[in-house]
Each structure stands twice: as structure tokens, then as C-alpha cells.
Amino acid sequence: MNTDFKPADGFDFAVGDRDGKGPYDDKATGKRYPGWYVATHFGDNYSYGIHTGEDWSGTGPPASDLGQDVRAVANGKVAFADFRGRLWGNVIMIDHIFYENNEKKIIRSVYAHLHEIKTRAGDVVERRQVIATVGQYPDKLFAPHLHLELRWDQSLSPTYWPSSNGKDVAWMKDHYAEPTTFINAHRATPLPEREPVLILVDQTTYKMRVVHNGRTDGEYDVSFGQAKGPKRIEGDNKTPVGMYFVTQKHEGSFDGPYGAYYGGYWIKVNYPNQFDSGRALAEGLINKQQAATIAARWQQRQPTLENTKLGGGIGFHGWVKEWSNDGPRHLSWGCVVMHIYDISKLYDQIPEGTMVVIF
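What counts and how
- Residues numbered from 1 in each chain as written.
- Predicted model: local features only at pLDDT ≥ 70, side-chain atom pairs only at ≥ 80, totals over all residues.
- Heavy atoms only, no water.
- Helix = DSSP H or I, 4+ residues; strand = E, 2+ residues; numbered from the N terminus.
- Contact = heavy atoms within 4.5 Å.
- Areas by Shrake-Rupley, 256 points an atom, 1.4 Å probe, with all protein chains shown as cover.
- Lys, Arg positive; Asp, Glu negative; His and termini not counted.
- Charge placed at Lys NZ, Arg CZ, Asp CG, Glu CD.
- Salt bridge = Lys/Arg side-chain N within 4 Å of Asp/Glu carboxyl O.
- Buried < 20%, exposed > 50% of the residue type's maximum accessible area, 1.4 Å probe, protein only.
- Pairing = 2+ DSSP bridges.
- Phe/Tyr/Trp six-rings, centres within 6.5 Å; stacked < 30°, edge-to-face > 60°.
- Expected span 1.5 Å × (residues − 1).
- Polar contact = N/O pair within 3.5 Å; in protein donor to acceptor, adjacent residues only side chain to side chain.

A. Main features of the overall build of the protein. Along the backbone of the protein there are five helices and 23 strands. Reported as C-alpha extents along the three principal axes, the dimensions of the protein are approximately 75 × 40 × 40 Å. When contacts within the protein are restricted to residue pairs at least 6 apart in sequence, long-range pairs at least 24 apart make up 64% of them. Accessible surface for the protein amounts to roughly 16300 Å². Of this, 47% is attributable to carbon and sulfur atoms. The positive charge centre, built from 40 side chains, and the negative charge centre, built from 43, are 1 Å apart in the protein.

B. Representation of the pattern of salt bridges. In this structure the tally under the stated criterion is 21 salt bridges. Of the charged contacts in the structure, one is a salt bridge between Arg-187 and Asp-12, with a shortest N-O distance of 2.8 Å. Pair noted here: Arg-187 is in the loop between α2 (179–185) and β15 (197–202) and Asp-12 is in the segment before β1 (24–25), with a separation of 175 residues, a long-range link. In this structure Arg-187 comes out as partly exposed when scored by relative accessible area, which is 25%. For the salt bridge of Glu-283 with Arg-279, the shortest nitrogen-to-oxygen distance reads 3.3 Å. For Arg-279, a relative accessible area of 18% translates into the label buried. Each of Asp-9, Asp-12, Arg-18, Asp-19, Arg-127 and Arg-187 takes part in one network of salt bridges that share partners.

C. Spatial organisation of the pairing of strand β18 (residues 242–251). Pairing analysis gives four bridges linking β18 to strand β23 (residues 355–358), with the strands arranged antiparallel. Opposite Gly-242, over in β23, you have Ile-358 as the bridge partner.

D. Region of interest: unusual backbone geometry. Following Tyr-271, the chain continues into Pro-272 via a peptide bond in cis, with omega recorded as 0°. Positive phi values are uncommon outside glycine, yet Ala-63 reaches one of about 80°. Of note in the backbone geometry, His-113 takes a positive phi value of approximately 65° without being a glycine. You can see His-113 is positioned in strand β10 (residues 103–117).

E. Quick look at the packing of aromatic side chains. Applying the stated criterion across every chain, the model contains 25 aromatic pairs. Ring plane angle 10° and centroid distance 4.3 Å describe the contact between Phe-254 and Tyr-262, whose orientation is recorded as stacked. You can call Phe-254 buried: its relative accessible area is 18%. Given the relative accessible area of 26%, Tyr-262 is considered partly exposed. For the ring pair Tyr-258 and Trp-333, a centre distance of 5.4 Å and an interplane angle of 65° mean the geometry is edge-to-face. Pair noted here: Tyr-258 is in the loop between β18 and β19 (265–269) and Trp-333 is in the loop between β21 (330–332) and β22 (336–338), with a separation of 75 residues, a long-range link.

F. Highlighting helix α4 (residues 288–299). Compared with an ideal rise of 1.5 Å per residue, which puts 12 residues at 16 Å, α4 spans 17 Å between its outermost C-alpha atoms and is within 8% of the ideal. Residues of α4 that are buried include every one of Ala-291, Thr-293, Ile-294, Ala-295 and Trp-298, and no others. A distance of 3.1 Å separates the backbone nitrogen of Gln-289 from a side-chain oxygen at the start of α4, and that oxygen is part of Asn-287. The first or second residue beyond α4 is Arg-301, which carries a positive phi of 60°.

G. The environment of Trp-88, seen in detail. Assignment of secondary structure puts Trp-88 in the loop between β8 (76–83) and β9 (90–100). Classification of Trp-88 as buried rests on a relative accessible area of 10%. For Trp-88 and Lys-21, which are 67 residues apart along the polypeptide, the C-alpha to C-alpha distance reads 25 Å. For Trp-88, the contacting residues outside a window of four places in its chain are Ala-112, His-113, Tyr-137, His-147, Glu-149, Arg-151, Pro-158, Thr-159, Tyr-160 and Trp-161.

Here's what the structure looks like:
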């Protein structure tokens, strides 16, 4: 969770209001126009080749949007802010760190054809901070507009253009994100460091960390499912990988033939999550309604569906007896197994709603 600047807590659109809408007043005439639209879309093939982002224009006549505010799409750090020649004009690039499922990711936003730059390289900026104004590149072949890109590849130069470097659409889609689709899918992003209680589980080191208000309070030995690799379907005996939330707890005796294997403690998480369901939908394992239900309930930190081919019933528990760190470390049918003496101490410190990240 160590970062050089504040991670994104969500993404918004760069012009207009947070949703890329809302009226604006022409700086030259004072006349009001109703909003914004995308004039050239991501992946469009036009006179300059494959379009790498979105060109945002005001709904008024050409040049009515000249000088309108351009805002940072999320918290981030400015990587570049300068003039880049005849076709691009003024350009700003901002790096954004965000968390998604069990990963920390970085994406770079690029803003081009700017009239005025209001930030500089090295600045840390806030979500929705005004960083520039809408402009027009020097050749003025097109009306003023904002060219917005989102790049997964931070090694590309400010003015990199795939079509000029022999790249096709497939390559571009691997290295860039479609701005509107990405922003709509990331309006809110989690901030694990702000969680009052956070559980981090590392399957490579067989360790679990408990973090209170950003401070690690302890590290514990754990074991996992009998089969290695991330859980994919019911009955595969694998431990899932991802971000989940505690939805149920029980202490004491457990009924059934396997009741003794809980070791007296059960802390359940809401597997599957929306990323598990997205993968399962693409593989034909669940339907759209099931995927939507799982996603909505997971976002609310509520129990998700357990009656699909993805399975369920994943959580933390003790074991039928104390186990040795030198012995087998793949004991369960998919759950995280703790030493009984550890889970007995931690049980009351992990409330329902706690974020759990397994990686």
C-alpha cells in the first residue's frame, strides 16, 4: 500500500460536470450551451489513423468551448506538462494509482490541444482539479476540443501515435483504455489504507497481516486449500484471489460431519465477488442476472450468490487440531486456515464488513 502520492478514490470526466455533462458559457459571447459530446471515439479509424482516445467538444458552434476548464480525472501526479509541437499543442500527462480487486494498478491520463496549462510536472493533483483549459493545436485544422487518452503503458512518449508506428487496433486496445468505458466502470475505487480494519493474505508466503487504521498490528501463519492456484469453480479445493468483505461470524460448536474442522471459529467472506462473476460470465458459467446480483451485493459488502457454479462458503477458520508450520500447508477445501490460538485472539478484532484482500 506504499505510494508516492494519494491513490485514486474514483474517476470522473475531464470536461463539464463529474459525468461529462452540464452547460457551459462561451467565453467570447457569454451564450450558454447545454453540454458536451464525444466527436471522435476511441478506436475510430480516420484521416490520421486509429484514434487513441476521445475528442470531447461542446455542443455549441465551433470554438464555443475554447477556454473551458479541463479537470484531472482522478487523484494523481503530473508526469508531463509542456508544449509538444504543431499537431498536439500543449499536453499534460498524469499518473493515477488505483486498487482493483487484489491488485494495485497505474493508468496515465493524457490531455492534448490545451489552451492554457495550469499545472507542472511533479505536481500532485486532486480529482476534479482544474489543470488546463480547452484549446486548439497550432495548425488549427480542427475546431477546439479536448483530446483525452488513458494509457496502460507509461513508457510511451507524450505524442506517441500507434498508427505512425505500425500498430493495429488490437495492440492499441492492449496499451490504452477506452476513456468513457473505463471511467464509468471506476466511478468509485477502494482505498484499503483508509479501512479501520484490513486483512491481507499472501498465498506465496503463507502469511496473513492484520492492519488497523493503516498500521500493521500483527502477522500470522496460515494455510490454504488443498489445490494450488486461484479458485475458479465449486469443488476445485482452491483458495480464491481477490478483494472480499466479512459477512458472517460464528464462535462455538458447529453441526455436521465437518463441524470439528472449523476449530470453533468461522469468519465468512463474500466470495464470489464482481471480478469472479465477470470472469464466470465471460466463460459461460453464470448468466447476466447472476453476475449483476453478485456485483451489486459485493459492492454493498453483503453476501453474494453461493448457488452458482462458482461455489461459495469461503472464509477463515481454525482446524480440527493444531497444525505445524513445517507440515502440509494446503489443508482445507478452499478456506484460509488459521492456528486455533491465533484465530481465538483475532476473532473479536475482525468485525463484519472488514475488507479482506487475498493475493
